[in-house]
Each structure stands twice: as structure tokens, then as C-alpha cells.
Amino acid sequence: MSAGLRLSMFGKRVIIFEKHFVVGGLNSFYAKKSRKFDVGLHAVTNFPSENSGKTSPLLRACRQLRIPFESLNLYPQKQSTISFTEKSLKFNNDFEFFVNEIEKKFPQEKDNFQALLRKMEDFDAYSPTVKEISSRKVLKETFQYSLLSEMLLCPTCYYGSAQENDIDFATFTMLFDAIFKQGLARPDFGIRAFLDPIIKKFDELGGKRLMNAGVQKLLCKNNVVKEILIDNGSVYTADQVISTCGILETEDLITCDKNSESSTEIGNFSIIESISIFEGKPSDFGWEDTIVFYNDGEKFRYQKPNSKVDLESGVICMPENYTNPSNKNITESRLRITNPANFDIWSGYKDERYKKEKKESELDMLDRALHHLPNGIKQKEIFTDNIKFKDTFTPRTIKRFTNKKNGALYGSPTKSRKGTTMLDNLYISGTDQGYIGIVGAMLGGIAVANNQILRRN
């Protein structure tokens, strides 16, 4: 959407083929029981801080798309927690608070943490030619004790790693900056605050959109895409094509002989997420955190589990704990729980078994999450009685609506940072470009539009 809008601004004739009947892909929304749910939005990262000023990636995206930042109605988090068995770290949108928290909980790592900050500042994470480096290796070389390394990996992996049990250092650096140095926020009306202005401006500039129009084939000749065949049998032509469905998924659409075999790795990491609508506010139960990243054990586990769901690590999000003034008058709230899940197991269940396993997983996930909320287990019966509605999506849901292989949340570990592919006029944007999250998706689309099409022309 951002790529389409950026190109339309410069007079390009653009058409967007959308597989689904709503926009947004992994950051979309849906309605059930007269309630609207955001699919991917836990938090908008890169909330502009006093220190980031005009260099904030979010402000840069708004300038490039000519969307007023104020129109997004963003409200910052209260506070969040990284909760491990031995220690916990709290953070908010004041980076100095987080630095002091680390120095208090890990006094022996004070100088090492400062060394890590300098290393990240000197590292050109946004370069399209940046080398792939293991963050786990960098952190191991930096800190005396492994626990701090594991705790820093937890939020950064959950918000953007396509690798199992690690994250490349470029992505780690970008996400560390986005989560801790700048901060987390949420728009008053959810993800539609981002989707609506982009689509409105795109439509005003003459851009065209086709919904329920999945692409079946990219018909190629002489190493370029010549025609695009969509689900209803219609054929379109284009000078340039940008795909956001993933590298592997795009390669599957190409009909001509490829010049070389693909070396793209298939992603394995997927999730299950349960959303509970409950009566009252999180504060009624003494829950003040906006997000809790938890791990039961000293070593952070982030991988495709052998069972249907891994309860040992996860993310708990309470959207009503952002500082939105309208939250004072709410009568019901949401508790979102996310855990790693096994795509193969979930995709193998028949319909009735699938429903049964979802219900069992919802109970197990809630029970484990309550262990990481103040007096959660003591209040379990009261909280359960207050639940008015539940919904859960699994790796199978991700595959169904996005066509991601293995239901891989962040696509392939192999990234195309330049956005180029094996074909001369076909480009990749989105997760497999290496730009993560809502702001990253916007910047990724803008980067491909600017660098691969507008500047070349």
C-alpha cells in the first residue's frame, strides 16, 4: 500500500492486487460478535521521542507518504516488562529509565551495556548490503552473564525475527532502537488509523485496487514479468511488479525458467494467539503493564515447538493499558496471549479436532499467562467468570489468509534487503525485505518504490 501510494504521488499508474477482502495483510483487522479485532497490532514501534526528533522512522514514513503524524492519534504505553524466572526488567518510552533498570538489575554489566549501545550506533543496520551477523554471538561476546543477553533477545525476536533462537544483528539493532530507544504506542482506533489514510490518498491519486484478487501466476519472458494472471482468469500487464507475499511465495508464481536455483530458506517460526474480551479494565485486577514478554527459564526459547504450542515463552498484551484517555470510560477490555506454535500439527487437524484443540490451547495459554501477571493465578476464577468472548487464530489461519509457507509469521530468514529478485522488473517488499513491523512495512514499500523504480526512471 505504501509502495503504491508513493508511486502514485509521482504520476505512476498503479494497481494493487489484494488476495483478501480487507487490506493490511499481516496487519489487518476483522469483526466478530459486533467487535473489531486487530490481527497483528500489539504496538506501533518507533514512537517519536524527544531524542529521536525528526530522525524517527515513523515521522520519516509519514513525511514520505504525506500523512500528518497527528492524524494517527497515537498514545504511548504505560510500562512493559520482560519477565524471566530469575529477574524481570521494566521499560517505558523513556530510554534512560530502561538503562537505569539494567544497571540496577545487572550492575556488573553496566560498562558492557554501554559498549553494546556504542556498537549498535556504529553499525549501519539499514544498509542494503549489511552482513548477516548472529545477535546471540554478539551478545555472548559483550556480556559476562548470559541472562541479560537472553532477556534482550526476547522482545526483539518476538517483534521481528524469522530465525529460530536468534535474530540477525541488523534487525536486532533496528528493533532495539524501535522498542527501547524510541518506544511503543497504539492508535486510538487500531490499525485502521494507518490503513485508512494510505488507501484514501491512494484512491484520490487515481490508484486502483482489486480485492479478492490473488495472483495465480507471473508470466515471464526474457527475464522479466510480462503478464500477471489473477484468480478470476484476468490478465494484466505492468512495467514493474512489487510483491509483498514473500520471496518463496513469489518464486512459486514465476512461470519461466529461472537462471539459478533458489537459495531462499523456508521460515519455521509461527504463532498461536488467543484474544479474550473481559468485563472491566486490566487495572481492576492490578495489571498495569501494557505488554509482558515472558520466558520460563534462563535461556530464551524461540523456535518451532515439537508440540502444538510452546507455553514456555510468550507475549501478553493489554491494549487498554496504553495511555489513551478514552480508556478511563471503557466497560470491557482485551487480553491477548501469543505463543510459538507448530504449523504442521495445526494444519493436520480435521475441523472438529481443530476446534477442540483450539479451546484446550486457549485454557492452557491463559493459565500460563496468569502466572506472569500480579496475583493472576489467585484471581483466575474471577477473571475467567468475567470473560465475555474469546477468539483464537493459529498458524493455519496465517497460512489461509496470507499464504505464508509454514504459516511463518516473519517469512523467510533469507532477506532481500535491496528488494531485488531473479527477474529484472520484479521486486520484493515487506517482511522478506527485512523491514519489520507496521513502520518497517511502510518504509520498506517506500524504499522499493524510491530506489528500484522512481530513481531508476
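Residues numbered from 1 in each chain as written. Predicted model: local features only at pLDDT ≥ 70, side-chain atom pairs only at ≥ 80, totals over all residues. Heavy atoms only, no water.

1. Describing the sheet that holds strand β10 (residues 224-230)
Put simply, the test is: Whether two strands pair depends on DSSP finding at least two bridges between them. Numbering of helices and strands runs from the N terminus, with a helix taken as a DSSP run of H or I at least four residues long and a strand as a DSSP run of E at least two residues long.
Pairing is antiparallel in the open sheet, where 3 strands are placed in the order β9-β10-β11. Two strands bound the open sheet, and with one partner strand each, they are β9 (215-221) and β11 (235-236). Note: β9 against β10, 6 bridges, orientation antiparallel. The partner of Lys221 across the bridge, within β10, is Val224.

2. Description of the side chain of Ser361
What counts is decided by this rule: By definition, residues are in contact when any of their heavy atoms lie within 4.5 Å.
When you line up the elements, Ser361 lands in helix α11 (residues 351-370). Not counting the four nearest positions on each side in its chain, Ser361 is found in contact with Ile272, Lys308, Val309 and Trp346.

3. Remarks on empty space enclosed by the protein
Using the following cut-off: Only protein atoms enter the calculation, which uses a 1 Å grid: trapped sets of points that fit a 1.4 Å probe without letting it out are cavities, open sets showing protein on both sides within 12 Å along at least five of seven lines are pockets, and any residue with an atom within 4 Å of a point is a lining residue. Grid points are joined across faces, edges and corners, and a volume is the space filled by probe spheres set on the points. In the scheme used here, Gly and all other residues not listed as nonpolar or charged are polar, with Ala, Val, Leu, Ile, Met, Phe, Trp, Tyr, Cys and Pro taken as nonpolar and Asp, Glu, Lys and Arg as charged.
Overall, the coordinates contain 4 cavities of 30 Å³ or more when judged by the stated rule. Lining the largest cavity, in full, are Thr45, Asn46, Pro57, Tyr126, Met174, Leu175, Ala178, Tyr435, Ile436, Val439, Gly440 and Leu443. Looking at the lining of the largest cavity residue by residue, the classes come out as 9 nonpolar, 3 polar and no charged. In terms of residue class, the lining of the second largest cavity is made up of 4 nonpolar, 5 polar and 2 charged.

4. Quick look at the state of the cysteines
Here, disulfide denotes a covalent bond that connects the sulfur atoms of two cysteines. The following threshold applies: The definition used for a disulfide is geometric: two cysteine sulfur atoms within 2.5 Å. Burial classes: relative accessible area under 20% of the type maximum marks a residue as buried, over 50% as exposed, and values in between as partly exposed (1.4 Å probe, protein chains only).
In total, this model carries 0 disulfides according to the counting rule given. This cysteine, Cys245, is not joined by any disulfide, and Cys220 carries the nearest cysteine sulfur, 13 Å off. Taking the relative accessible area as the measure of exposure, Cys245 reaches 23% and is therefore partly exposed. The closest cysteine sulfur to the non-disulfide-bonded Cys317 is located on Cys154, 14 Å from its own sulfur.

5. Some remarks on the nonpolar core
Selection rule: In these notes, a set of buried Ala, Val, Leu, Ile, Met, Phe, Trp, Tyr and Cys residues joined through side-chain atoms within 4.5 Å is what counts as a nonpolar core.
With 49 residues, the main nonpolar core has Phe98, Phe113, Leu152, Tyr158, Phe172, Phe176 and Ile291 as its most contacted residues. With 8 residues, helix α6 (residues 146-158) is the largest single contributor of residues to this core. Sequence-distant contacts of Phe113, that is, excluding residues within four places in its chain, are made with Val99, Ile102, Phe143, Leu152 and Phe176. Phe29, Phe194, Ile199 and Val439 belong to the second-largest nonpolar core, a separate cluster that totals 27 residues.

In short, the description is geometric, and any link to function would need to be established separately.
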